[in-house]
Amino acid sequence: MRLTIAAYKLARVIGLNGVCSIVLLAMRGITAGYTTATIELRVLLIPFIDQASRFAPSVILTVFVADIAGELAAKTAQVRAQLVRAMRAVARLITLLRMELSPTKNVVCASSPELGRDIASDLHDLHVSYQPRVTSLGVGLGGGLRRNAQVM
């Protein structure tokens, strides 16, 4: 970890097509593409995801690199209440880490459009939108009964 932190603190420049930026010093974050980046993020997030799980224990939270997903199979009212509670806990903890939620990438996919829209409405301040089809790790997922064949 000491080597990782020392490497992170090095001055760097950003180059594109032969044009370089001024020398930059990173002040926060994890170096994208670095060998230990996913391990660092996992070590950082595990206690917070465990804590968020306590707010809604029936919700299954999964983390892949920097993407966090919540799933629950239950009655509609329970799904809505539990997922909203879990995602609010995740958002609050991410904020405590001084990290930011994307204003454009937060989506909900649900077994019915009504449920998806209700959850998105409950989480509108977190910029969550309802999508009937989503892509997760290159795999197409769809809510409801129809197979999502748009992503192969």
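Residues numbered from 1 in each chain as written. Predicted model: local features only at pLDDT ≥ 70, side-chain atom pairs only at ≥ 80, totals over all residues. Heavy atoms only, no water.

**Details of the overall build of the chain**
Applicable threshold: Only DSSP runs of H or I reaching four residues or more are called helices, and only runs of E reaching two or more are called strands; each is numbered from the N terminus. Contacts are residue-level and defined by heavy atoms, with any inter-residue pair within 4.5 Å sufficient. Here the accessible surface of atoms and residues is derived via Shrake-Rupley with a 1.4 Å probe, and residues count as covered only by protein chains that are part of the display.
Along the chain, the regular secondary structure elements total four helices and eight strands. Secondary structure elements in the chain, listed N-terminal to C-terminal, are α-β-β-α-β-β-α-β-α-β-β-β. Across the chain, the fraction of contacts at a sequence separation of at least 24, relative to all contacts at a separation of at least 6, is 39%. Of the roughly 10,900 Å² of accessible surface on the chain, 60% is carried by carbon and sulfur atoms.

**Side note on unusual backbone geometry**
Keep in mind that most residues, glycine aside, have a negative phi and that most peptide bonds are trans. Operational definition: Relative accessible area decides the class of each residue, using a 1.4 Å probe on protein chains only: under 20% of the type maximum gives buried, over 50% gives exposed, and in between gives partly exposed.
The phi torsion at Asn17 lies on the positive side, around 50°, for a residue other than glycine. Structurally, Asn17 can be placed in the loop between β1 (15-16) and β2 (19-20). Residue classification places Asn17 among the exposed positions, given a relative accessible area of 76%. Residue His127 is not a glycine yet carries a positive backbone phi of 60°. Looking at where His127 falls in the secondary structure, it is placed in the loop between α4 (113-122) and β6 (128-130).

**Quick notes on the packing of aromatic side chains**
Put simply, the test is: Under the pairing criterion, centres of Phe, Tyr and Trp rings, with the six-membered ring standing for Trp, must be within 6.5 Å; the plane angle then separates stacked pairs below 30 degrees from edge-to-face pairs above 60, leaving the rest tilted. The rule for a charge over a ring is simple: NZ of Lys or CZ of Arg within 6 Å of the ring centre, and within 35 degrees of the ring normal.
Tallied over the full model, the rule gives zero aromatic pairs. Sitting over the face of the ring of Phe55, Arg92 holds its NZ or CZ atom 5.3 Å from the ring centroid.

**A look at the pattern of salt bridges**
As a reminder of what qualifies: The salt bridge criterion pairs a side-chain nitrogen of Lys or Arg with a carboxyl oxygen of Asp or Glu, the two atoms within 4 Å.
Under the criterion given, the structure shown has three salt bridges. Between Arg80 and Asp118 there is a salt bridge, with its nearest N and O atoms 3.6 Å apart. Separated by 38 residues along the polypeptide, Arg80 in helix α3 (residues 76-96) and Asp118 in helix α4 bring together distant segments of the chain. By relative accessible area, Arg80 is classed as partly exposed at 31%. Since its relative accessible area comes to 31%, Asp118 is described here as partly exposed. A salt bridge links Asp122 to Arg80; its shortest N-O distance comes to 2.6 Å. Here Asp122 is found in helix α4, whereas its partner Arg80 is found in helix α3, with 42 residues between them in sequence. A single salt-bridge network, built from bridges that share partners, covers Arg80, Asp118 and Asp122.

**Things to note about the pairing of strand β3 (residues 60-64)**
Put simply, the rule is: Any two strands with at least two DSSP bridges between them are considered paired.
Of the strand pairs in this sheet, β3 and strand β4 (residues 67-71) are connected by five bridges, and their pairing is antiparallel. By the bridge assignment, Thr62 is partnered in β4 with Ala69. In textbook terms, the turn of a hairpin is the stretch between consecutive antiparallel strands, and for β3 and β4 this stretch comprises two residues, one of which, Val65, has a positive phi near 55°.

**Thoughts on a nonpolar patch on the surface**
Applicable threshold: Only residues whose relative accessible area exceeds 30% and that form no salt bridge are eligible for patches; like-charged ones are grouped when within 9 Å, while nonpolar side chains (Val, Leu, Ile, Met, Phe, Trp, Tyr) are grouped when within 5 Å.
On the surface, Ile14, Ile22 and Leu24 cluster together into a nonpolar patch covering about 300 Å² of accessible area. Along the chain, Leu24 turns up in the loop between β2 and α2 (37-55).

**Structural notes on the confidence of the model for the chain**
Keep this limit in mind: Confidence scores per residue from the predictor, reported as pLDDT, run from 0 to 100.
When pLDDT is averaged along the chain, the result is 82; 87% of the residues meet or exceed 70. Here strand β8 (residues 139-142) stands out as the element of the chain with the lowest mean pLDDT, 53, in contrast to α4, whose mean of 95 is the highest.

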